[in-house]
Amino acid sequence: MATLRIVHRTRYRYAAPVAFGPHRLLIRPRDAHDMRILDSKIGISPHADVSWHFDTFGNSVALLTFRDRASELFIGSELVLRRYVFAEPELQLDQQAAAYPFRYGPDENIDLSPFLFVQVRQDRPAVEHWIQHILPRMPDRSMQVLNALSSAIHDGLDYIRREEQGVQSPAETLTNESGTCRDYAFLFMEAVRTLGFAARFVTGYLYDASADTGESGLVGGGATHAWAEVFLPGAGWVEFDPTNEIVAGRDLVRVATTRTPEQALPVRGSFIGSADAYLGMDVEVEVRKVDFDRDGERTATQVDLG
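A few points on the structure. Here the structure is a predicted model, which means the values were calculated and not measured. (Residues numbered from 1 in each chain as written. Predicted model: local features only at pLDDT ≥ 70, side-chain atom pairs only at ≥ 80, totals over all residues. Heavy atoms only, no water.)

**Quick notes on the sheet that holds strand β4 (residues 48-54)**
Part 1 of the reasoning: Read across the sheet, four strands follow the order β4-β5-β2-β14 without closing on themselves; strand pairing throughout is antiparallel. Each end of this open sheet is capped by a strand with a single partner; those strands are β4 and β14 (267-268). (Pairing = 2+ DSSP bridges. Helix = DSSP H or I, 4+ residues; strand = E, 2+ residues; numbered from the N terminus.)

Here you go:
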C-alpha cells in the first residue's frame, strides 16, 4: 500500500482575453478495490461552472462551462489516494488463459469486442512483421508473450518527450524507432490485439520514488503518463507499461481507460478568439508520497492550486 499526493497544473496563455467553450476534464480516478481516493480538490481560473458525469467507459468526467473572458486559463487539481497491489497476475490466471494461444469465452467476446479490434488496420502488416521479428518462436504462455512485447518496445525503441498532442501510428513508431509513453502504449495495444488479446488505453500518473531523492529513475514522471491494460481471465485487466517495463505496479495511478488514445485526453476544450491569440501551454505534474502522523492526518504541507 502506498499513499500518494498528485498535483496537476495546466496553464493556457493567450495574447489577449478570449472566450472559452466547454472543457472536458479526465483528471479524477474512480474508487476501486485497488485504489481509494482520500481527498480531491480542483481550482479553475477564470471561474467555471463544474458538472460531473460518467462516460461510456465509466470514467469520471468533469464538464466546465465558462462565462468570463481571460488571457490565461488555469486548471489545477490535487488528489490524495491510496494505491494497493495484489498477487502477481500470473498466479491468478485461469488455466485456459495461462496457455497461449487461448480464446475468450462467449460472454467475454461480446463484452470485450470493442477492445479486440485493431484500430489502425493499414498498419497491421507492419505490426505483424515486427512481432515475427522479435518473436520468431511464439511462447506458449500468455504472460511470456505479453512480457516479451513490452520488453521489445522498452529495449528496442528510444523514448522521446513530445509536448504536442496526438499519438503516432504503430507504423510511425516502428519506422522512427522512437516515441513517447502514449506511442509505446498504442503500439503495445495494437500488437496484442493482433495476437487476440483485448487491450485498452490508460491515462494517469506515475510515481517515481527517485523524485523524492533527486536521483534518476523511471521515465514519464513530471507529466501525465500512459500505458495499456490487457484483459486476462482470472486476473482481469492487467497493467503493462512498456516505457518502464512495469507489470501491475503500484506506481501506476490509473485515471481513465479508453478504447483509443484520442479518447483519453486529460483536458479537451476550445477558445473563441483570433487564431494567433494562442501563445502556448504549460503543464506541471507532481507525484509524491504522503506521510501520516499517529492520528492518520496528513503531515505534508497543503498545495496551492493557483
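**Remarks on the pairing of β4**
Part 1 of the reasoning: In the sheet, β4 pairs with strand β5 (residues 60-66) via seven bridges, with the strands oriented antiparallel. Residue Phe54 lies in a different strand from β5, and its bridge partner there is Ser60.
Part 2 of the reasoning: In this antiparallel pair of consecutive strands, β4 and β5, the connection spans five residues, and Gly58 shows a positive phi of 85°.

**Here's the deal with the nonpolar core**
Part 1 of the reasoning: One finds Leu149, Phe188, Phe197 and Val230 to be the most contacted residues of the largest nonpolar core, which totals 44 residues.
Part 2 of the reasoning: In terms of residue count, the dominant contributor to this core is helix α7 (residues 181-194) (nine residues).
Part 3 of the reasoning: Here Phe188 is in contact with Leu146, Leu149, Ser150, Ile153, Ala228, Val230, Phe240 and Pro242, once residues within four sequence places are set aside.
Part 4 of the reasoning: Of all hydrophobic cores here, the second largest spans 15 residues; its members include Tyr12, Val18, Leu25 and Ala70. (Core = buried A, V, L, I, M, F, W, Y, C linked by side-chain atoms within 4.5 Å. Buried < 20%, exposed > 50% of the residue type's maximum accessible area, 1.4 Å probe, protein only. Contact = heavy atoms within 4.5 Å.)

**Remarks on the packing of helix α4 (residues 124-134) against α7**
Part 1 of the reasoning: Direction vectors running N to C along α4 and α7 enclose 80°, while the axes themselves pass 10 Å from each other. Judged by the inter-axis angle, α4 sits roughly perpendicular to α7. For the pair α4 and α7, contact is made by Arg124, Val127, Glu128, Trp130 and Ile131 and by Glu190, Ala191 and Thr194, respectively.
Part 2 of the reasoning: Of the residues that constitute the contact of α4 with α7, the class distribution is four nonpolar, one polar and three charged. (Axes fitted to C-alpha atoms, helices over the stretch in contact; angles between N-to-C directions. Parallel < 35°, antiparallel > 145°, perpendicular 65-115°, else oblique. Nonpolar A, V, L, I, M, F, W, Y, C, P; charged D, E, K, R; others polar.)

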